[in-house]
Amino acid sequence: MGSDDESDSGSIDVIIDYEDSQPATPPMEQPNVVGAAAAQAPIISSYNDKIRPLLDVIDRLRLLMVMKEGIQLPTIVVVGDQSSGKSSVLESLAGVNLPRSQGICTRVPLIIKLQNHARPRPELYLEYNGKMVPVEEPQIATAINIATDEIAGPGKSISDIPLTLVVRKDGVPDLTMVDLPGITRVPVHGQPDNIYEQIRDIIMQYITPKESIILNVLSATVDFSTCESIRMSQQVDKNGERTLAVVTKVDRAPEGLVDKVTADDVNIGLGYVCVRNRIGDESYEEARKEEARLFETNAHLSCIDKSIVGVHVLAQKLVRIQANEIAKCLPEIVKNISAKLEANVSELEKMPKALTSDADATQAMMRIIQAAKESLKKLLWRGEFDEYPEDNTKHGTARFVEMLNRFSDELHNCEESNLSKDFLTEEIKGLEDAKGIELPNFPPFEAFLRILRKKVERISYLPIKFTEKYWDYIDDVVMSVLTRHWEMYYHVKVFAKGAAHNLVQKLREQSINRVKEIVEMEKLTGYTCNPDYMMEWNKLMKEQDHFINQISGTNMGPLPCCVNLQGFGEIQVEHLRQHSNVSILQQAFALKMRMVAYWKIFKVRLVDSMALHLQYHVHNLVHNDTDEIMKELMGPDGHGIKMMLVESPAIVAKREKLKNSIKVLKESKDSAAKVMDRIVVYDAYLV
């Protein structure tokens, strides 16, 4: 509990409020006086047979911990700043003494279940850590402290693990509330430095669900707009549609209180209730009578409408609000439980059955390999992406095209494809190196071949780099597919991924060696039967005379530093004027044009060869080579089969978790279904 070291710090006797002997009062009516007659509150007895089953089923669902399944339940959540009087309000409703001390008393969420039972002897017990501990009424505070220390540890630390207090006694309102730690910003000795953040997180966890009813406890002595509890509740309930405020310490600051609760500057949609709690050693009955006298005789408090004063009014409001919320939410709760149950049953059915024989394991292994093989065919060969509709990184055929296009661009934009740089320099050197005793009008093929080999050698890293990236991608896709298909068999999954990786690496090595062969073949000789070669060379050679004239200066004009050559653009030519032999320039030009025409065909041929080569390997991988994974998994000693029979702890735990979840959800659904017809009766009762 939050600290309640205040004059207004006690409980009012609720037992006398709910005498079964009193005539029933319609729940929508409020008492007009706060005297002895007003102390009678037959709302409990008249509501009991209508809403008790609804409350019981919600408490049953909470006991089944259905909230851990993501199902939110209607819950009254009690919040307030430290020393706001929160403990006193709860004592007033429960009629029992709760822990009190300086600082934070409520260090764990305290679920308080109040159940009105006409028994001569109250029944009280605590539920925590899987235990149910009966408690005598005078020892409640001590028992709660002991349980809190067991949950949160001794000292002043807090925990989000709940503790439940069940109070079954005559006269208490039928309510279930969750009391949360009082909000404090400044840690005291023994508290962690981030105590505010810890408390805030717990409070937000409970008040955020739209099913939660926020009971905000405010002290009359403070400006409501400055209360941290108001700030938090407004974050999740901006218009206050599910927030009810109870104002304590009214005897300390009665002046102007009527204006504060009627002006409602902080959006309390469910309204205010002003109460006066027990002071000192007052008995419950004395405190209740003093509350009635205070609101009747105080000059400021008597002006407040009697429909919003007194603990009995607070009890009536909470019971009615809670019942309405349960009736409103229960159909949706049942729907959500059914949906979650159906999803869990479906997920459990999709999980592999535990294998008990070698035959079952072999069959399961073959089935998984075939399924993985089919997935790889879709992704890497057929271009079908239904298994990974949103993950385009697995759309293999499309990614192959992208990689091939990038390779083609790199090849066409590399340094060796720069046609104008150091124009004819390499050709002239090649011709000079190829000089021999031969007829002068025969172009030396060796010069062409030397230049070709150098150019091919300089770009040889590109197809190898492309091949490596290609197989890296294939490896990633294969690993991802196998991981998905073998997810349920952890021990075999690691082995299967290893076998698949070995296969891909073997194919990768073969592929790279084949690409190196392709490069070596291109270096061996220059050849093409493509007619585009001669057409391109003849077209380029038409520029020869114009080019030679611009260099040698035979046109009698000024010597240009650049020559515009069709297909090349502006060419720097000053470095060529040192060659006075026009014949060598003519031969170099012809050699250059042969290389340009041939290089164009070479680049296209290389890209085509790479595409066909890699497609061939991918086809073999997805149609034939994946069978090697199966062979390696089976092994000569059936090692893979034996591993199939051993399930991973994670899968065993998941199956058990699903089974337990299904059991809880079935019980929850059955419990809720039994009272669904009462919602109609309850709605009719309110009309």
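Residues numbered from 1 in each chain as written. Predicted model: local features only at pLDDT ≥ 70, side-chain atom pairs only at ≥ 80, totals over all residues. Heavy atoms only, no water.

## Notes on the pairing of strand 7 (residues 212-219)
Within a regular strand, side chains alternate between the sheet's two faces.
Okay, so step 1: Most of strand 7 is tucked away: 8 of the 8 residues are buried.
Okay, so step 2: Burial along strand 7 is two-sided: Ser212, Ile214, Asn216 and Leu218 and Ile213, Leu215, Val217 and Ser219, pointing in opposite directions, are all buried.
Okay, so step 3: Looking at chain direction, strand 1 (residues 75-80) and strand 7 are connected through 6 bridges and run parallel. Within the sheet, the bridge partner assigned to threonine 75 lies in strand 7 and is serine 212. (Buried < 20%, exposed > 50% of the residue type's maximum accessible area, 1.4 Å probe, protein only. Helix = DSSP H or I, 4+ residues; strand = E, 2+ residues; numbered from the N terminus. Pairing = 2+ DSSP bridges.)

## Here we look at the confidence of the model for the chain
Okay, so step 1: Per-residue confidence for the chain gives a mean pLDDT of 82, with 87% of residues at or over 70.
Okay, so step 2: Averaged pLDDT values for the elements of the chain fall to 56 in helix 21 (residues 676-686) and rise to 95 in strand 9 (residues 272-274).
Okay, so step 3: Every residue in residues 1-46 is under pLDDT 50, and counting partners more than four places away or in other chains gives 156 contacts. (pLDDT = per-residue confidence, 0-100. Contact = heavy atoms within 4.5 Å.)

## Some words on the pattern of salt bridges
Okay, so step 1: Applying the stated rule across the entire model yields 36 salt bridges.
Okay, so step 2: Here arginine 107 and aspartate 149 are joined by a salt bridge, their closest N and O atoms 2.5 Å apart. Taken together, the residues span a long stretch of sequence, with arginine 107 in the loop between helix 2 (86-94) and strand 2 (110-116) and aspartate 149 in helix 3 (residues 140-152) at a distance of 42 residues.
Okay, so step 3: With relative accessibility at 6%, the residue arginine 107 sits in the buried group.
Okay, so step 4: Where arginine 450 meets glutamate 446, a salt bridge forms, and the shortest distance between an N and an O atom there is 3.5 Å. Remark: glutamate 446 and arginine 450 occur in helix 12 (residues 445-459); sequence separation between them is 4 residues, near one turn of the helix.
Okay, so step 5: Judged by its relative accessible area of 34%, arginine 450 falls in the partly exposed class.
Okay, so step 6: Look at the salt bridges and you will find they share partners, linking Lys378, Asp386, Glu387 and Arg484 into a network. (Salt bridge = Lys/Arg side-chain N within 4 Å of Asp/Glu carboxyl O.)

## Regarding unusual backbone geometry
Okay, so step 1: A positive phi angle, close to 60°, is found at methionine 65, a residue other than glycine.
Okay, so step 2: Inspection of the secondary structure assignment puts methionine 65 in the loop between helix 1 (43-63) and strand 1.
Okay, so step 3: Since its relative accessible area comes to 46%, methionine 65 is described here as partly exposed.
Okay, so step 4: Unusually for a residue other than glycine, lysine 249 sits at a positive phi of about 55°.
Okay, so step 5: With respect to the helices and strands, lysine 249 occurs in the loop between strand 8 (243-248) and helix 6 (257-263).
Okay, so step 6: The class of lysine 249 is buried, set by a relative accessible area of 6%.

## Let's talk about the sheet that holds strand 6 (residues 175-179)
Okay, so step 1: Read from one edge of the open sheet, 9 strands run 4-3-5-2-6-1-7-8-9, paired in mixed fashion. Each having just a single partner strand, strand 4 (131-134) and strand 9 make up the two edges of the open sheet. Averaged over all adjacent pairs, the angle separating strand axes in this sheet is 25°, with direction ignored.
Okay, so step 2: Strands in contact with helix 3 are strand 2, strand 3 (123-128), strand 4 and strand 5 (163-169); relative to strand 3, the strand with the most contacts, it is inclined by about 10°.
Okay, so step 3: Along the sheet, helix 5 (residues 228-236) contacts strand 1, strand 7 and strand 8; its crossing angle with strand 7, the most-contacted strand, is approximately 155°. (Axes fitted to C-alpha atoms, helices over the stretch in contact; angles between N-to-C directions.)

## Some words on the packing of helix 16 (residues 544-552) against helix 17 (residues 582-625)
Okay, so step 1: Two elements in contact, helix 16 and helix 17, have axes whose closest approach is 11 Å; the angle formed by their N-to-C orientations is 140°. The angle between helix 16 and helix 17 falls in the class oblique. Crossing of helix 16 over helix 17 shows right-handed handedness. Residue-level contacts link Gln544, Phe547, Ile548 and Ile551 of helix 16 to Val582, Leu585, Gln586, Phe589 and Ala590 of helix 17.
Okay, so step 2: Grouping the constituent residues of the contact of helix 16 with helix 17 by class yields 7 nonpolar, 2 polar and no charged. (Parallel < 35°, antiparallel > 145°, perpendicular 65-115°, else oblique. Left-handed = near helix turned anticlockwise from the far one by under 90°. Nonpolar A, V, L, I, M, F, W, Y, C, P; charged D, E, K, R; others polar.)

## Overview of the pairing of strand 8
Okay, so step 1: Extensive coverage of strand 8 is indicated by the burial of 6 of its 6 residues.
Okay, so step 2: Where strand 7 meets strand 8, 6 bridges bridge the pair, whose relative direction is parallel. Residue pairing in the sheet places asparagine 216 in a bridge with alanine 245 of strand 8.
Okay, so step 3: Handedness of the crossover joining strand 7 and strand 8 through helix 5: right-handed.
Okay, so step 4: One ladder, built from 3 bridges, connects strand 8 with strand 9; its direction is parallel. Across the sheet, the residue bridging to alanine 245 is tyrosine 272, located in strand 9.
Okay, so step 5: For the crossover that starts at strand 8, traverses helix 6 and ends in the parallel strand 9, the hand is right-handed. (Right-handed = clockwise from strand over helix to strand, strands pointing away.)

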